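# Observations on chain architecture
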Amino acid sequence: MSEEAAPVTYIVTPVRLEYDHSAGNAATLFLRGLAQRKIIGTRTGPGQPVLVPPRGADPRTAELALEAVEVSDKGTIVSYSIVRVPSENIHFELPYVCINILLDGADVPFFHVLQNCPLDEVRIGMRARAHWVPDEQLAPTIASIEYFEPIDEPDVPFDRIREHT
Amino acid sequence: MRDVAIVSFAQSNTAREDRNEVEILIPVVQEAVKRSGLPRGEIGFTCSGSSDFLQGQPFAFVMALDGVGAWPPVKESHVEMDGAWALYEAWVKIQTGEVDSALVYAFGKTSSGDVAEVQALQLDPYCVTPLWPDADSIAALQARLYLEGSARTERDLADVAVRSRRDAMDNPHAVASGATDAETLLAEPYRCSPLRDHDCPMTSDGATAMVIVAGDLATRLSERPVWIRGIDHRIDPPALGVRDLSRAPSAERAASRAGVLEAPVDFAEIDAPYTHQELILREAFGLSDGVRINPSGGSLCARTLMSSGLNRIGDAALRIARGEGDRALAHATQGPCLQQNLVCVLEGE
Amino acid sequence: MAEGSGGEVLRGPHVLEYPYRRSLGPALGRFFTGLRDRRFEGIRSRSAGVIVPPQEYDPDTSEALDEFVEVGPAGAIVSWTWVTRPRKKQPLDHPFAYALIRLDGADASLLHVVDVGDESRLATGVRVKPRWAVERGGGIRDIECFELEETE
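I will try to describe carefully the structure that is included in this document.

Conventions adopted
- Residues numbered from 1 in each chain as written.
- Chains lettered and ligands numbered in written order.
- Predicted model: local features only at pLDDT ≥ 70, side-chain atom pairs only at ≥ 80, totals over all residues.
- Helix = DSSP H or I, 4+ residues; strand = E, 2+ residues; numbered from the N terminus.
- Rg over C-alpha atoms; globule rule 2.2 N^0.38 Å.
- Contact = placed C-beta atoms within 7 Å.
- Buried ≥ 20, exposed ≤ 12 C-beta atoms within 10 Å, placed from the backbone.
- Axes fitted to C-alpha atoms, helices over the stretch in contact; angles between N-to-C directions.
- Parallel < 35°, antiparallel > 145°, perpendicular 65-115°, else oblique.
- Left-handed = near helix turned anticlockwise from the far one by under 90°.
- Nonpolar A, V, L, I, M, F, W, Y, C, P; charged D, E, K, R; others polar.
- Pairing = 2+ DSSP bridges.
- Expected span 1.5 Å × (residues − 1).
- Core = buried A, V, L, I, M, F, W, Y, C linked by C-beta atoms within 7 Å.

### Remarks on the overall build of chain B
- Along the backbone of chain B there are 12 helices and 13 strands.
- In terms of C-alpha radius of gyration, chain B reaches 19 Å, essentially the compact-globule figure of 20 Å for 349 residues.
- For chain B, restricting intrachain contacts to residue pairs at least 6 apart in sequence, the fraction spanning at least 24 positions comes to 79%.

So, in structure tokens, the structure goes:
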């Protein structure tokens, strides 16, 4: 006997995969650095570009880049974007600004979020510094840096950062 | 048709890697490029095989380009398949005349995720994946059908494992190896009947790279280039219940189109992750009992998912380059129960 | 070796999760509606006989298929394997078999699980019937499992 009901037109088939990731050598250097309130990049060797966050290779030359180099936690904003779209994963109040910041000592920009700055004052060339979590909360995670915020230093002229913008 | 040869090959397999994918790949690519004699900047095309599901990240394969060199910009492609299919695409690219050389690479960290669940995702998402069968169980369904429909026994399967592990002792890139005998293996309990642990592949993490070049360039670069005389791949229907799982028609067809039987083959490197699959494929390829199978130990002894097929081709090529054979069949497989098969015929000068 | 790493490489968990709501076409829609109603529908094809689950196209000739055929509900085991230690997502939490089952009237076989208590009771050709789930309408697990035909 068949029930008189509407046909089945869809099924729900959730997929949940769990991974146990090894961070690799490069990310381990970086994450352990964060736990010590430091930002660590890597390079292939002396005189070579410092890459942060480090991923194990210098993409221009495809060589292993595992020599650790500490960079500053302050730098110059080279690009930014104002986000107005909500997301479950984001805990910042909307709208907020995400930035590419060229940390002093690094050769490639670092992605993060800017807080404590009126939207109409965010600009390329402005100087900012990491706002870390309290010392007792430092851990090998990017969340050790809560956000970046402006600091009272003169803007860097566009020509000096042009290639990173 | 342009003549295309393999001029170098390098691989790395470990039971479990702490390095990330790029860190594993870089030394392997550097070795293959160096051994090819071709400067990296002169290689015309780059093609890779990998599966994002092993890392659990969409577009994960893009990160591997850091380790391959994509600056200045390169012609590049990727297949969500074993590197053997990346080899096929690179071979086709050379046939078009657009390039004369290619770097082919593959990588995979099988250990990061639960490989049984990851592999269940390649099955029918409506009717099969929601039952979450692991790959060993799926293979076991095929193994039982094969054993019950043929004169073969579990002992024949154990013999494949014994031989493979013994041969793997001479392969520094094998992950499982050792001297044993069929009685010892058969005394072990089933993992999933009728398969035991030794019938299933030793999964590993690793990377693989190969350089192929066309025509005269091959003879300039290599003392004994290994020519790809034929290469073809075919696929059978995905629904497990529709196929006769005890045979591999796509393998038969690929072998025929690759020209396997045009001349005798000295040895074969067959990508058979399960022991019964070697027997099915041996029959599919029409190989006589005298042909040596998997002198490397095969995918049973090292199975880096996404690399193991390319490894069979590379292992065969290196053996020919060393003068230990002149003509070989090399094979790669994908999908459950030998659904998709690639065959190439390799010949030394 | 990396400088300043001061120890082992870090490891951490990562979860990839997707909800996936899949719309069904004419063939699977009919099949899953049938399962909800405790009925199996296959489809007739030239190259493979009656296929279940039904497909929209012939696996060999690619012609469109539209002749549905009711099959089962009982059938015979074509192949099976015993799962000694079920994994957490698998349908049963005690040892069971995955099996290819040829339902009566079908030519292609269906993959599912068989709950039979002991592996020794299984063999190719043994007849099984479905145990339906109490709540249905959700797909292939509307069949909780198959069991021996002689089971009460």
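### Details of the overall build of chain A
- Check the secondary structure of chain A and you find two helices and 11 strands.
- Moving toward the C terminus, one meets the helices and strands of chain A in the order β-β-α-β-β-β-β-β-β-β-β-β-α.
- Taking the principal axes of the C-alpha coordinates as reference, chain A spans close to 80 × 40 × 35 Å.
- Counting only residues that meet the buried cut, chain A has 33% of its 165 residues in that class.
- Restricting the contact set of chain A to residue pairs at least 6 apart, pairs at least 24 apart contribute 57%.

### Concerning the packing of helix H9 (residues 249-258) of chain B against helix H10 (residues 275-285) of chain B
Residues and elements named next belong to chain B.
- Where H9 meets H10, the axes come as close as 8 Å, and the angle between the chain directions of the two elements is 40 degrees. Taken together, the axis directions place H9 and H10 in an arrangement best described as oblique. Judged by the sense of rotation from one axis to the other, the crossing of H9 with H10 is right-handed. Contact residues: Ala 251, Glu 252 and Ala 255 in H9; Leu 281, Ala 284 and Phe 285 in H10.
- Here the residues of the contact of H9 with H10 sort into five nonpolar, no polar and one charged.

### Overview of the interface of chain B and chain A
- With 27 residues of chain B at the interface, the matching set in chain A holds 22 residues.
- Those elements giving two or more residues to the side of chain B that touches chain A turn out to be helix H1 (21-36) and helix H4 (115-120) of chain B.
- Take the side of chain B that touches chain A: its biggest share by element is four residues, from H1 of chain B.
- Residue composition of the side of chain B that touches chain A, by class: 13 nonpolar, seven polar and seven charged.

### Section: the sheet that holds strand S5 (residues 68-71) of chain C
Residues and elements named next belong to chain C.
- Here we have three strands laid out as an open sheet, ordered S4-S3-S5, and antiparallel in their pairing. Taken across any chain shown, the strands that pair with only one partner, and hence form the sheet edges, are strand S4 (49-51) and S5. On average, each strand axis in the sheet is tilted by 45 degrees relative to the strand beside it, whichever way the strands run.
- Across four bridges, strand S3 (residues 40-45) lies against S5 in antiparallel orientation. Bridging across to S5, Ile 43 finds its partner in Phe 68.
- Running over the sheet, helix H1 (residues 26-36) touches S3 and S5 and is turned about 150 degrees from S3.

### Observations regarding the pairing of strand S12 (residues 327-334) of chain B
All names here are of chain B.
- Burial analysis of S12 places seven of its eight residues in the buried class, which makes it a mostly covered element.
- Where strand S9 (residues 267-269) lies against S12, three bridges are found, and the strand directions are parallel. When the bridges of S12 are listed, Glu 269 appears paired with Ala 330.
- Bridging between S12 and strand S13 (residues 340-348) involves eight bridges; their strand directions are antiparallel.

### Thoughts on H1 of chain B
All names here are of chain B.
- With 16 residues, H1 should cover 22 Å at 1.5 Å per step; its first-to-last C-alpha distance of 23 Å lies within 8% of that length.
- Of all the positions in H1, only Glu 21, Val 22, Glu 23, Ile 24, Leu 25, Ile 26, Val 28, Val 29, Ala 32, Val 33 and Ser 36 are classed as buried.
- Remark: Gly 37 follows H1 within two positions and exhibits a positive phi of approximately 85 degrees.

### Remarks on unusual backbone geometry
- Put simply, Ser 193 of chain B and Pro 194 of chain B share a cis peptide bond, and its omega is 0 degrees.
- Considering the arrangement of structural elements, one finds Pro 194 of chain B in the loop between strand S5 (190-192) and strand S6 (195-196).
- A cis geometry characterises the amide bond from Gly 72 of chain C onward to Pro 73 of chain C, with omega recorded as 5 degrees.
- With phi around 65 degrees, Arg 37 of chain A is a residue other than glycine that occupies positive phi space.
- Here Arg 37 of chain A lies in the loop between helix H1 (24-35) and strand S3 (39-43).
- C-beta crowding within 10 Å serves as the criterion here: with 14 such atoms nearby, Arg 37 of chain A is assigned to the partly exposed category.

### Focus: the nonpolar core
- Core analysis: the largest hydrophobic core is formed by 195 residues, its most contacted members being Val 104 and Ile 212 of chain B.
- Those residues within four positions of Val 104 of chain B in sequence are excluded, and the remaining contacts are Cys 47, Gly 83, Ala 86, Leu 87, Ala 90, Ala 209, Met 210, Ile 212 and Leu 310 of chain B.

### Some points on the interface of chain C and chain A
- Listed per partner, the contact involves 30 residues of chain C and 29 residues of chain A.
- Listing elements by their share of the side of chain C that touches chain A, those giving two or more residues are strand S1 (11-18), strand S2 (21-23) and H1 of chain C.
- Its residues assigned to classes, the side of chain C that touches chain A comprises 11 nonpolar, 11 polar and eight charged.
- By the bridge criterion, three bridges tie strand S1 (residues 10-12) of chain A to S2 of chain C in an arrangement that is antiparallel. In the strand pairing of S2 of chain C, Tyr 10 of chain A is matched with Ser 23 of chain C.

### Here we look at the environment of Pro 130 of chain C
Residue and element names in this part refer to chain C.
- Residue placement: Pro 130 occurs in strand S9 (residues 127-132).
- Using a count of 22 C-beta atoms within 10 Å as the deciding quantity, one classes Pro 130 as buried.
- Sequence-wise, Pro 130 and His 112 are 18 residues apart; in three dimensions their C-alpha atoms are separated by 9.7 Å.
- Excluding anything up to four places from it in sequence, Pro 130 contacts Pro 73, Ile 143 and Phe 146.

### Some details on the environment of Ala 207 of chain B
Residues and elements named next belong to chain B.
- Topologically, Ala 207 is positioned in strand S7 (residues 203-214).
- Between the C-alpha atoms of Ala 207 and Ser 193, which are 14 residues apart in sequence, the distance is 32 Å.
- Setting aside its immediate chain neighbours within four residues, Ala 207 contacts Ser 12, Ile 24, Leu 25, Val 28, Tyr 105, Ala 106, Phe 107 and Ser 307.

### Brief notes about the environment of Trp 82 of chain C
- Following the sequence through the fold, Trp 82 of chain C ends up in strand S6 (residues 75-83).
- Measuring from C-alpha to C-alpha, the distance between Trp 82 of chain C and Asp 118 of chain C comes to 9.1 Å, with 36 residues separating the pair along the chain.
- Apart from residues no more than four positions distant in its own chain, Trp 82 of chain C is found in contact with Tyr 190, Cys 192 and Ser 193 of chain B together with Pro 95, Ala 97 and Glu 119 of chain C.

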